[in-house]
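Overview (structure and organization)
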Amino acid sequence: RVDYAALVVYDVSQPDQPKEIARRHYGWDIETIYPTDSHLFIGSTRGMYILDRSGPAAPVEVGFVEHVRACDPVVVSGPVAYVTLRGTSGCGQAPDELLCIDIQNPRAPRVIGKKELSTPYGLTVNYPYLYVSTGQSGYTLVDVARPNLPNALAAWADWPTRDFIWADSTLYVLGLDDLRIFDVGNPKQPVLRSTIQ
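Each value, and the rule that gives it
- Residues numbered from 1 in each chain as written.
- Predicted model: local features only at pLDDT ≥ 70, side-chain atom pairs only at ≥ 80, totals over all residues.
- Heavy atoms only, no water.
- pLDDT = per-residue confidence, 0-100.
- Helix = DSSP H or I, 4+ residues; strand = E, 2+ residues; numbered from the N terminus.
- Pairing = 2+ DSSP bridges.
- Axes fitted to C-alpha atoms, helices over the stretch in contact; angles between N-to-C directions.
- Phe/Tyr/Trp six-rings, centres within 6.5 Å; stacked < 30°, edge-to-face > 60°.
- Buried < 20%, exposed > 50% of the residue type's maximum accessible area, 1.4 Å probe, protein only.
- Lys NZ or Arg CZ within 6 Å of the ring centre and 35° of its normal.

With that out of the way, let us pick up the confidence of the model for the protein. Averaged over every residue, the pLDDT of the protein is 90; residues scoring 70 or more account for 92%. The lowest-confidence element of the protein is strand β3 (residues 30-35), averaging 87 in pLDDT; the highest-confidence one is strand β17 (residues 179-183), averaging 98.

Adjacent strands of a sheet pair through backbone hydrogen bonds, lying either parallel or antiparallel. What the four strands build is an open sheet, ordered β11-β12-β13-β14; its pairing is antiparallel. At either margin of the open sheet sits one strand with a lone partner, and together these are β11 (123-126) and β14 (151-156). Direction aside, the axes of adjacent strands within the sheet are offset by 20° on average. When strand β12 (residues 129-133) meets strand β13 (residues 139-143), the two strands line up antiparallel, connected through five bridges. Residue S133 lies in a different strand from β13, and its bridge partner there is Y139.

Take the packing of aromatic side chains next. Given two aromatic rings, one states the distance between the centres and the angle between the planes to describe the pair. The tally for this structure, following the rule as stated, stands at nine aromatic pairs. Ring centres 6.3 Å apart and planes at 55° place the aromatic pair Y139 and F182 in the tilted group. Taken as a pair, Y139 in strand β13 and F182 in strand β17 lie far apart in primary sequence, 43 residues in all. Under the relative-accessibility criterion, Y139 is labelled buried at 2%. F182 gets classed as buried once you look at its relative accessible area, which sits at 9%. Ring centres 6.4 Å apart and planes at 45° place the aromatic pair W159 and F182 in the tilted group. Of the two residues, W159 is situated in the loop between β14 and β15 (161-167) and F182 in strand β17; the sequence distance between them amounts to 23 residues. Residue classification places W159 among the buried positions, given a relative accessible area of 7%. Among the aromatic residues, ring-to-ring pairing joins Y131, Y139, W156, W159, F164, W166 and F182 into one connected group. Sitting above the plane of the Y121 ring, R86 keeps its charged end 3.7 Å from the centroid. Geometry around Y121 places R162 over its ring, the cationic atom sitting 4.0 Å from the centre.

Here it is, written out as structure tokens:
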């Protein structure tokens, strides 16, 4: 797990008695963690860290993309990581935007595409699409088939959002006061199925 300043590794071989076995500090303002089979991607207010997790008990930092201070969630699909930057009084003065980062070489990640988005928060990917929360402005669907040219396809502004989970054709959208579940068999036309307060 990640907390405000560190990555914390647990041994869960006995699920009823998880045991902390390592703690690695990465400065301050760590926000998110995204695992792939071989790496961990950690978003913080100063950049995105890439850790090799081939030794699960002791992940090793292999790459880093620095940006100006901003709130910074991250998700990954294939050879590209997607990061939203939000500049507010609490996050820093970065421009509000989506970054597409080539991670084919995790030791030398590089930004290959950018898209201006208003107040981006959480995001979720199901290639070639991203849903990105835009806070009070709702959420936006972005086509990332060409990550050097991310393209906003549609936006829904009727409800404030914060984050997502996308599983198959179901999209779970976290709002300020509720969770809404959509059928996104057609990502351009989400169909509301239920709401949980």
